[in-house]
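Listed here are the chains, written in short residue letters.
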Amino acid sequence: MKLAVDSWLTSIVGHKVIKVTSIDDGVPVAAQDQMREAASGEKCLFFVKVPVAEVATVRDLSALGFYVVDVNITFEREPVARTAVPAVDVSVCLAGPEHAAAVLDIAQSCFQFSRFHLDPGIETPLANAIKREWIASYITKQRGEKLFVALFNGRPVGFLAVLLAGGEGAPTGVIDLLGVTADCRKA
């Protein structure tokens, strides 16, 4: 098992956050000692993303005190030609300084079901702050490639944060975070 401190998340949460970056076949008993040593007796949050097919790994991690917070689904598709869309008063552009405050407010208030919001060990105000800081890192160009803002009649009502992921051939755009104001979500 390999562990790495997530400095960015640690600075927001207020105590050490450690990402499990790799897991050997089956989680060894020594992992408990390794985790204890990494925590150094301090309050510590560990997290890991495990492919859904690795049921044995999830079982082993559960025995170490980990629990499933959420399940992610990845959709992929090849680009297709654009088709006409109905006319609406929504425009999309790159987020600029004039959009920053509104986009940060959206990020802080629009999430309910993120991995942070669903974790019983993280209180809602902290989960909201994490999402706000996540988008702040885009605004300050510390993370990601592009931050787009959706404007409805000139008012920011949503955002789309994009990362580029390496791969064979051209890089792939990945939606890192997407948020929409409550009044613009379909019920």
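In case you missed it, the structure is sitting above this.
As a starting point, this report considers the structure included with it. What you see is a predicted model; the values in this text were computed from it and never measured.

Some thoughts on the overall build of the chain
Reasoning step 1: When you go through the chain residue by residue, the secondary structure sums to 6 helices and 7 strands.
Reasoning step 2: When its helices and strands are written in sequence order, the chain yields β-α-β-α-β-α-β-α-α-α-β-β-β.
Reasoning step 3: Looking at the chain as a whole, 30% of its 187 residues qualify as buried.
Reasoning step 4: Across the chain, every contact between residues at least 6 apart in sequence was considered, and the portion connecting residues at least 24 apart equals 55%.
Reasoning step 5: As displayed, the chain has an accessible area near 12500 Å², and 56% of this comes from carbon and sulfur atoms.
Reasoning step 6: Of the charged side chains in the chain, 18 are positive and 21 negative, and the gap between their average positions amounts to 4 Å.

Side note on the pairing of strand β5 (residues 146-152)
Reasoning step 1: In the sheet, strand β4 (residues 90-94) pairs with β5 via 5 bridges, with the strands oriented antiparallel. Bridge pairing links Val90 to Phe152 in β5.
Reasoning step 2: Once β5 ends, the chain turns through 2 residues before running back antiparallel as strand β6 (residues 155-165), passing Asn153 with a positive phi of about 50°.

Some details on a nonpolar patch on the surface
Reasoning step 1: On the surface, Val88, Val90, Val92 and Phe152 cluster together into a nonpolar patch covering about 350 Å² of accessible area.
Reasoning step 2: By secondary structure assignment, the location of Val90 is in strand β4.

Describing unusual backbone geometry
Reasoning step 1: Despite not being glycine, Lys141 has its phi angle at roughly 65°, a positive value.
Reasoning step 2: Summarising the element assignment, Lys141 is placed in the loop between α6 (124-139) and β5.
Reasoning step 3: Taking the relative accessible area as the measure of exposure, Lys141 reaches 72% and is therefore exposed.
Reasoning step 4: The backbone phi angle of Asn153 is positive, close to 50°, even though this residue is not glycine.
Reasoning step 5: If you trace the backbone, Asn153 turns up in the loop between β5 and β6.

Brief notes about the sheet that holds β4
Reasoning step 1: Spatially, β4-β5-β6-β7 is the arrangement adopted by the 4 strands of the open sheet, whose pairing is antiparallel. Each edge of the open sheet is held by one strand with a lone partner, namely β4 and β7 (172-180). Pairs of neighbouring strands in the sheet enclose a mean axial angle of 25°, with direction left out of account.
Reasoning step 2: Where β5 lies against β6, 7 bridges are found, and the strand directions are antiparallel. From the neighbouring strand, Lys146 faces β6, where its bridge partner is Val162.
Reasoning step 3: Contacting β5, β6 and β7, helix α4 (residues 100-109) crosses the sheet at an angle of about 80° to β6.

What about the environment of His117?
Reasoning step 1: Mapped onto the fold, His117 is located in helix α5 (residues 115-118).
Reasoning step 2: Taking relative accessible area as the criterion, His117 reaches 14% and is therefore assigned buried.
Reasoning step 3: Sequence separation between His117 and Asp183 is 66 residues; the distance between their C-alpha atoms is 20 Å.
Reasoning step 4: When neighbours within four sequence positions are excluded, His117 is seen to be in contact with Phe111, Gln112, Thr124, Ala127, Asn128 and Lys131.
Reasoning step 5: A polar contact is formed between the side chain of His117 and the side chain of Ser114, at a distance of 2.6 Å.

A look at the pattern of salt bridges
Reasoning step 1: Using the criterion set out here, one finds 3 salt bridges in the structure.
Reasoning step 2: Linking Asp105 and Arg132 is a salt bridge whose minimum nitrogen-to-oxygen distance equals 3.3 Å. You can see Asp105 sitting in helix α4 and its partner Arg132 sitting in helix α6, a full 27 residues away along the chain.
Reasoning step 3: Given the relative accessible area of 45%, Asp105 is considered partly exposed.
Reasoning step 4: For Arg132, a relative accessible area of 24% translates into the label partly exposed.
Reasoning step 5: We note a salt bridge from Arg143 to Asp176, for which the minimum N-O separation is 2.9 Å.

Thresholds, definitions, all that
Residues numbered from 1 in each chain as written. Predicted model: local features only at pLDDT ≥ 70, side-chain atom pairs only at ≥ 80, totals over all residues. Heavy atoms only, no water. Helix = DSSP H or I, 4+ residues; strand = E, 2+ residues; numbered from the N terminus. Buried < 20%, exposed > 50% of the residue type's maximum accessible area, 1.4 Å probe, protein only. Contact = heavy atoms within 4.5 Å. Areas by Shrake-Rupley, 256 points an atom, 1.4 Å probe, with all protein chains shown as cover. Lys, Arg positive; Asp, Glu negative; His and termini not counted. Charge placed at Lys NZ, Arg CZ, Asp CG, Glu CD. Pairing = 2+ DSSP bridges. Patch = residues over 30% accessible without salt bridge, like charges linked within 9 Å, V, L, I, M, F, W, Y side chains within 5 Å. Salt bridge = Lys/Arg side-chain N within 4 Å of Asp/Glu carboxyl O. Axes fitted to C-alpha atoms, helices over the stretch in contact; angles between N-to-C directions. Polar contact = N/O pair within 3.5 Å; in protein donor to acceptor, adjacent residues only side chain to side chain.

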